[in-house]
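Notes for the structure review
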Amino acid sequence: MKGILISIAGVPRSLSDFVPDNGLALLASCLLKNNVDVKIFDFNLPSIFDDIYDKNVKSFLEKFSNKVFVDGKKPDFFDILKLKFVSSIIERNKKNYIEKLKNFLLETIEKEKTEFVGFKLWAGDGFDWSIEIGEFLKKKKPELKIFGGGPQVDTFEHLIFEKGKFFDALCYGEGEEIIVELSNFVQGKRKLRDIPNLIFKENGKIVKTERKFIKNLDELPFPVYTSDIYWKIYEKIKMFVIDESRGCENACFFCIHPKKSGKRKKKSVEKLIEEIKFSINKYNVFLYRFAGSSTPGDLILEFAKRIIDEGLKIDYVNSGYVNEFDIDFKILKDSGCGSIFFGIESANEEILKKGMNKNVKKIDMERVLKNCKEAGIFTVASFIYPAPFENEETRKETLQFLEKVKPDSALIQFPGIYPGTVWFKYPERFNFEIEKESYPLKVMNYKIKALFPPRMWQPLPYKVNGMSFKEFAYETEKFQKDINKLGINTSISNEDYLFYKYSGFKSTDEFLKFNRVYFYSGNSEKLKEEIERINKNSQRR
Ligand code: B12
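Residues numbered from 1 in each chain as written. Predicted model: local features only at pLDDT ≥ 70, side-chain atom pairs only at ≥ 80, totals over all residues. Heavy atoms only, no water.

Right, let's get into the overall build of the chain. Helix and strand counts for the chain come out as 21 helices and 17 strands. Seen through its C-alpha atoms, the chain measures out along the principal axes to roughly 65 × 60 × 50 Å. Relative to its full complement of 541 residues, the chain shows a buried share of 57%. Surface exposure of the chain reaches about 23,900 Å², of which carbon and sulfur atoms provide 50%. (Helix = DSSP H or I, 4+ residues; strand = E, 2+ residues; numbered from the N terminus. Buried < 20%, exposed > 50% of the residue type's maximum accessible area, 1.4 Å probe, protein only. Areas by Shrake-Rupley, 256 points an atom, 1.4 Å probe, with all protein chains shown as cover.)

Below, the discussion takes up the site of the ligand. Close to the ligand lie 36 residues; Asp17, Asn22, Asn44, Lys120 and Gly175 are nearest. A distance of 3.0 Å separates an oxygen atom of the ligand from a polar backbone atom of alanine 123. In this structure, a nitrogen atom belonging to the ligand sits 3.4 Å away from a main-chain N or O atom of alanine 291. (Near = heavy atom within 4 Å. Polar contact = N/O pair within 3.5 Å; in protein donor to acceptor, adjacent residues only side chain to side chain.)

Here the focus is the pattern of salt bridges. Counted under the stated rule, the structure contains 41 salt bridges. A salt bridge links lysine 358 to glutamate 345; the nearest nitrogen and oxygen atoms lie 3.0 Å apart. Separated by 13 residues along the polypeptide, lysine 358 in the loop between α13 (349-356) and α14 (362-374) and glutamate 345 in strand β13 (residues 337-345) bring together distant segments of the chain. Of the two residues, lysine 358 and glutamate 345, neither departs from the other in class, the shared state being buried. Connected via shared salt-bridge partners are Glu174, Glu176, Asp243, Arg246 and Lys265. (Salt bridge = Lys/Arg side-chain N within 4 Å of Asp/Glu carboxyl O.)

Put into structure tokens, the structure is as follows:
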């Protein structure tokens, strides 16, 4: 029995796109344990730029991005005209690239006699490309079973069938047991109706089977990243994502997690240490990013103590919820914790409570962020701006908070409304105006126009505090600029910090500037060199 797992996320936009996909590596591991021969095709690689950005495109974008990002000059009228022209060439090249992927996958499937394909579905370009390729494969090989799973299914569920009718089944929630059952289905040993976490069509009607959660994360096998299974793993960054916890108790109104992963579960520290040791010995990997959207504070502290006791020399980053992080950050720092991402969202307690369901006190946020920074951990605070109920006063309050706390980086996003969240369910409660019926289908394949600033993207069809997309995206941009004026960076995430640490760049500013140029102009050579440096430097211990 042979299967392949595929991830296509579109044109890479940041170094984190080059981190190996732990989700697919875990599914592959489950399949291997059940004697299914599997391969992972993760097309999120620097070399993708060579297919999509041809020589002329690269050369114009390099000049343009050096002018704008390095020299800090404003683009003129002719630059914008040329940018529009280049953008249309890129769109044409993307079409050719999809054709290339189709043929490559079809040849592989025919040569290997593959019986099923599983797509991990992402948003944006990656979603459209996966649908187009899946449709093509099904047409050429009707007997081939095609499944879909991943974050996009958790958000849009059965609506995915509106764009991709060819899927034999979609998997929502956790997929470890499901992918094995699906391979049994392909062999005729199981019926779809008897497999949990599925959405499929029967006689034209949508069927959703019962939800099942993994009970004990310790029982999961380790993800598999060997080069015989994971295609072109050598082009990826040597950083592993460690699935230390799933689910979250906090139920923030904007977050999909209460729906995706249910109640919180944690891996034991014992198992985590075993996984780290295994990754060092087998793969020579020393950089880690925890997967949990909020890593439990008690778990990370226990983990840190064990890392120190065992004398393991690693670097890792994680995310945290303020109320759980009144902990001794020095221990974390000594164990190799390089950076923590805190979802702060706003400094105004009423916005937090009424708009986000976050019962966090400003005084606690200040203390935790300050303690984290003082321990020498690169402290990232993320904000949603403009938030529901935002006004001049609350804007000022968040700016003053930032001035006082001075995190190492403050990431600012406008409110994103995901189907399946409380924000989407009751928009009127949060000052959002949204056409609920048509919204999910409109945003399912929403594309970020990477070459242009957000205000020039296709407008998202909702209003925030009475403002249209153009208006609120402009507010976000202005807020970012005001934060920059405080001397605070607004672009570096927690994992970026580790990439920076080992990238060889002299300052975070330099790291940002050059990476902006590389990604903007599709400079795959420079990206590959940078990845090599990160991989080499992070192993020198
Ligand atoms: C770690 C992480 C990453 C890692 C690893 C990828 C991963 N595992 O998803 C890295 C750093 C590579 C990454 C990158 C990106 N990420 Co990310 N990432 C996360 C994060 C924080 C945790 C994911 C995780 O490890 N989950 C645990 C693993 C085991 O779950 P999983 O991968 O989803 O797979 C399980 C199921 O989904 C299912 N499944 C998945 N695929 C399939 C396929 C089949 C056939 C079946 C049956 C089942 C199945 O089974 C798996 C096992 O249970 C989540 C937020 C969160 N806390 O969930 C965001 C998140 C998944 N990322 C997100 C985004 C947007 C991105 C980027 C596009 C960021 C960017 N550059 O803009 C990139 C692109 C990805 C790429 N491949 O290049 C979004 C996805 C939104 C969407 N609808 O697409 C999320 C939800 C965050 C958010 N709210 O914005 N990410």
